[in-house]
Structure formats: structure tokens, C-alpha cells
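Structural description and commentary
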Amino acid sequence: MKSILVTGGNGQLGTELQRCAWPAGYEVVAIDVADLDLTDTAAIAAKVAEREWAAVINGAAYTAVDKAESDVVTAWAVNAMAPAAFGEACAKAGIPLVQVSTDYVFAGDKQGAWEVDDPVAPLGVYGASKLGGELAVRTSGARHVIVRTAWVVSAHGNNFVKTMLRVGAERDTLTVVEDQHGTPTSAADLAKALATITVRLVEDDTAPTGTFHFSNAGPTTWAGFAREIFAQSAARGGASAAVKGIPTSDYPTPAKRPANSLLSYAAIGAAYGIEPRPWQDALSDILDELIGATKA
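In what follows, the accompanying structure is described. (Residues numbered from 1 in each chain as written. Predicted model: local features only at pLDDT ≥ 70, side-chain atom pairs only at ≥ 80, totals over all residues. Heavy atoms only, no water.)

Let's talk about the overall build of the protein
- If you tally the helices and strands in the protein, you get 10 helices and 12 strands.
- Taken over the C-alpha trace, the protein has a radius of gyration of 19 Å; the compact-globule value for 296 residues is 19 Å, and the two agree within 12%.
- Projecting the C-alpha coordinates of the protein onto the three principal axes gives extents of approximately 55 × 40 × 40 Å.
- Within the protein, the proportion of its 296 residues that are buried is 53%.
- In the protein, of all internal contacts separated by at least 6 residues, the share reaching a separation of at least 24 is 81%.
- On the protein, roughly 12,500 Å² of surface is accessible, and the fraction owed to carbon and sulfur atoms is 52%. (Helix = DSSP H or I, 4+ residues; strand = E, 2+ residues; numbered from the N terminus. Rg over C-alpha atoms; globule rule 2.2 N^0.38 Å. Buried < 20%, exposed > 50% of the residue type's maximum accessible area, 1.4 Å probe, protein only. Contact = heavy atoms within 4.5 Å. Areas by Shrake-Rupley, 256 points an atom, 1.4 Å probe, with all protein chains shown as cover.)

Here we look at the pattern of salt bridges
- Scanning all chains against the criterion turns up 13 salt bridges.
- Residue lysine 47 pairs with glutamate 50 through a salt bridge whose shortest N-O separation is 3.1 Å.
- For glutamate 50, a relative accessible area of 49% puts it in the partly exposed group.
- Among the salt bridges present, the one from aspartate 118 reaches lysine 110, with a minimum N-O distance of 2.5 Å.
- Note on lysine 110: relative accessible area 24%, which makes it partly exposed.
- Several salt bridges converge on common partners, so that one network encompasses Glu16, Arg19 and Glu289. (Salt bridge = Lys/Arg side-chain N within 4 Å of Asp/Glu carboxyl O.)

Examining the sheet that holds strand 4 (residues 97-102)
- Strands sit in the order 2-1-3-4-5-10 across an open sheet of six strands; the sheet is parallel. If you trace the sheet from one side to the other, it starts and ends with strand 2 (26-30) and strand 10 (210-213), each paired once. In this sheet, adjacent strand axes meet at a mean angle of 20 degrees when their direction is disregarded.
- In terms of strand pairing, strand 5 (residues 144-149) meets strand 10 through four bridges, oriented parallel. (Pairing = 2+ DSSP bridges. Axes fitted to C-alpha atoms, helices over the stretch in contact; angles between N-to-C directions.)

What to know about the environment of alanine 239
- Along the chain, alanine 239 turns up in the loop between helix 8 (222-235) and strand 12 (242-246).
- The spatial distance from the C-alpha of alanine 239 to the C-alpha of valine 167 is 8.7 Å, given a sequence separation of 72 residues.
- Alanine 239 has contacts with Leu165, Gly168, Ala169, Phe230, Ser233 and Ala234, leaving out every residue within four places of it along the chain.

Digging into the packing of aromatic side chains
- By the definition in use, this model includes nine aromatic pairs.
- An angle of 20 degrees between the planes, with centres 3.7 Å apart, marks the rings of tryptophan 151 and tryptophan 222 as stacked. A residue pair is termed long-range when its members are at least 10 positions apart, and tryptophan 151 in the loop between strand 5 and strand 6 (152-153) and tryptophan 222 in helix 8 qualify at 71 residues. The burial state of tryptophan 151 is the same as that of tryptophan 222; both residues are buried.
- With 5.2 Å between their ring centres and 25 degrees between their planes, phenylalanine 160 and phenylalanine 225 make a pair best called stacked. Here phenylalanine 160, found in helix 6 (residues 160-168), pairs with phenylalanine 225, found in helix 8; they are 65 residues apart in sequence, far enough to count as distant. Across this residue pair, the class does not change: phenylalanine 160 and phenylalanine 225 are buried.
- Through a chain of ring-to-ring contacts, the aromatic side chains of Trp151, Phe160, Trp222, Phe225 and Trp279 assemble into a single cluster.
- Against the face of tryptophan 53 rests arginine 51, its NZ or CZ located 4.4 Å from the ring centre. (Phe/Tyr/Trp six-rings, centres within 6.5 Å; stacked < 30°, edge-to-face > 60°. Lys NZ or Arg CZ within 6 Å of the ring centre and 35° of its normal.)

Some words on helix 1 (residues 12-19)
- Of all eight residues in helix 1, six are buried, a share of seventy percent or more.
- Residues of helix 1 that are buried: Gln12, Leu13, Gly14, Thr15, Glu16 and Leu17.

Some points on the packing of helix 2 (residues 41-49) against helix 4 (residues 72-93)
- The interhelical angle for the contact between helix 2 and helix 4, taken along N-to-C directions, is 35 degrees, at an axis separation of 9 Å. The chirality of how helix 2 crosses helix 4 is right-handed. Along its contact with helix 2, which presents Thr41, Ile44, Ala45 and Val48, the element helix 4 presents Met81, Ala82, Ala85, Phe86, Ala89 and Cys90.
- Here the contact of helix 2 with helix 4 is built from residues that sort into nine nonpolar, one polar and no charged. (Left-handed = near helix turned anticlockwise from the far one by under 90°. Nonpolar A, V, L, I, M, F, W, Y, C, P; charged D, E, K, R; others polar.)

Considering the environment of threonine 41
- Along the chain, threonine 41 turns up in helix 2.
- Here threonine 41 falls in the partly exposed class, since its relative accessible area comes to 36%.
- Sequence spacing of threonine 41 and glycine 11 is 30 residues, and the spatial spacing of their C-alpha atoms is 21 Å.
- Filtering out sequence-adjacent residues up to four positions away, threonine 41 remains in contact with Met81 and Ala85.

These values are about where atoms sit, not about what they do.
Written out as C-alpha cells, the structure reads:
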């Protein structure tokens with residue numbers, strides 16, 4: 001049996017990695033904070049060394065973007081030093097590491113989608129710490145793939161879709177930022193992509209390594225995303241609300257957000273044949289799970 005160690009097991013991505021249809025002969029061993037303290041690099045090394053893993057997927061992260069601005073040490077410990085420890089341990093074990101990263105490594109000031117080799121310039125602690133994790137993995141000596149993603153949503157945990165449905169059930173009109181551009185990413189679709197990559201890395205020593213992007217397909221804004229959520233929700237008999245677009249300046253936060261989070265998935269398509277579907281289709285699957293199928 002080929003065992004894949006997955007961190008962040010209780011999160012959106014970790015949940016979907018456990019629900020994925022992995023090939024026969026593979027098992028996912030998902031762990032979370034109760035099982036491993038990601039600020040303890042010695043514990044990370046021991047976890048990787050405790051058995052013969054086939055690969056590690058590090059999907060855990062310090063994702064409280066605003067809190068990170070005042071909790072710098074913890075954010076760097078989880079987002080940078082933990083990947084460094086996983087990289088070192090995977091290199092020693094001779095196994096591949098798949099590291100999940102973020103659009104926040106970019107400044108967000110580009111027109112069009114970000115390519116994997118575009119210059120990085122994070123705007124805050126979260127993005128900087130995730131970039132630190134990328135650099136640590138790249139220099140660890142481990143065979144690795146880094147996958148940047150953005151705007152992750154699912155039927156699990158806390159995310160934008162579930163927040164909109166909850167607030168939309170309480171209010172007739174919502175104000176949502178309309179000058180931040182990006183593409184929603186289904187945690188289930190991201191999990192499938194990571195599983196595809198991981199299996200290739202395990203079974204083929206010549207499988208492509210390096211940095212890739214994955215999101216669903218098609219640009220939108222947070223306000224546009226919210227409108228589609230309510231349109232699809234209403235078709236299922238769920239919550240519906242009018243959405244008024246506002247500028248980012250009307251919704252100040254401790255951490256600055258990238259104005260453009262669009263990620264190009266050309267590289268992952270060329271290397272692994274992964275072609276993401278439209279985000280509207282992925283959203284439909286999430287709402288099917290949360291609300292039920294569209295009503296006739």
C-alpha cells in the first residue's frame with residue numbers, strides 16, 4: 001500500500017483529498033493540528049521518518065490573512081518553517097513533497113493572469129510567509145511540486161460560499177467588493193489535481209517538478225461570485241440576496257489584498273494535462289451538496 005501523508009486533514013482541501021478517488025493501492029493518512037504541531041520542526045521530521053510514506057502533501061497553512069499581520073512569528077513558523085522541515089525530511093527519505101501555496105505571493109498589480117514565473121512581491125505577512133515556504137521547499141533538495149491556488153471554496157469549513165448563503169438568508173441586500181479580480185477554486189477540483197500530480201511523482205521519477213498554478217476557469221470579482229452564488233442558490237430554493245458592488249477602499253482590512261488574483265493554468269496543463277472546468281460548474285456541485293439539486 002502506498003501511503004500519502006496529508007496535512008491540514010480537517011480543512012477544505014484535506015477533506016476533499018480524503019474523499020478523492022485515489023488509484024487502487026493508495027491510501028491517504030490525513031492529520032491535523034491535534035496530530036502534529038506545525039510549529040515544531042523536530043516533530044515534523046519525526047512524523048515523516050516514522051514510516052515509509054510514498055509522498056507528502058502539505059496542505060496545512062496559517063490562513064488567517066488579517067491576523068497574520070499581528071501574529072508574524074506564528075504565521076512564518078507554519079507557512080515557512082514547516083515547509084522547510086517537510087522539505088528536509090522528504091529529501092532525507094527520498095520521497096516527493098507537494099506544497100500548496102497561494103496567489104498572495106504576487107502584488108496583484110498585473111493585467112491578465114499571473115504566470116508561474118512572474119515576479120513575486122507579496123503585500124503582507126501571509127503572502128510573504130507563504131513565499132518563504134516556497135523558497136524553503138525549492139532549496140530543500142526534495143523532489144517537489146508547488147501548486148499555487150486562490151479563492152478556495154467547498155461545502156466544508158468556513159469559506160465565501162457558505163458565508164454568502166448564511167448572510168443572504170438574513171439580509172435582502174449585501175455589499176461585496178467588486179474591484180478584486182480572480183477565479184474561485186473548488187477544493188474538490190484542487191484535490192483531484194493534487195492527487196493526479198502526486199501519483200505521477202510517486203510512480204514516475206521523471207514526472208515534472210517545479211511550480212504550477214491551479215484554479216477553476218474564468219475570471220470574476222468577489223461581487224460577481226456572490227451574484228452567481230445567489231442565482232444558483234435561488235434556483236435550488238435556497239437563500240437569495242441583491243449584491244451591491246463596492247470598492248476595496250470601502251472595506252478596509254489589516255492586510256492588503258491583491259487586486260488581481262487570476263492565475264494562469266497553462267503550465268499545469270502542459271506538464272500534467274490538467275484542464276480546470278469553469279468555476280460556475282464547480283460552484284454548482286458545491287451548492288448541490290449544501291442545498292440540493294436545482295428545482296424544476
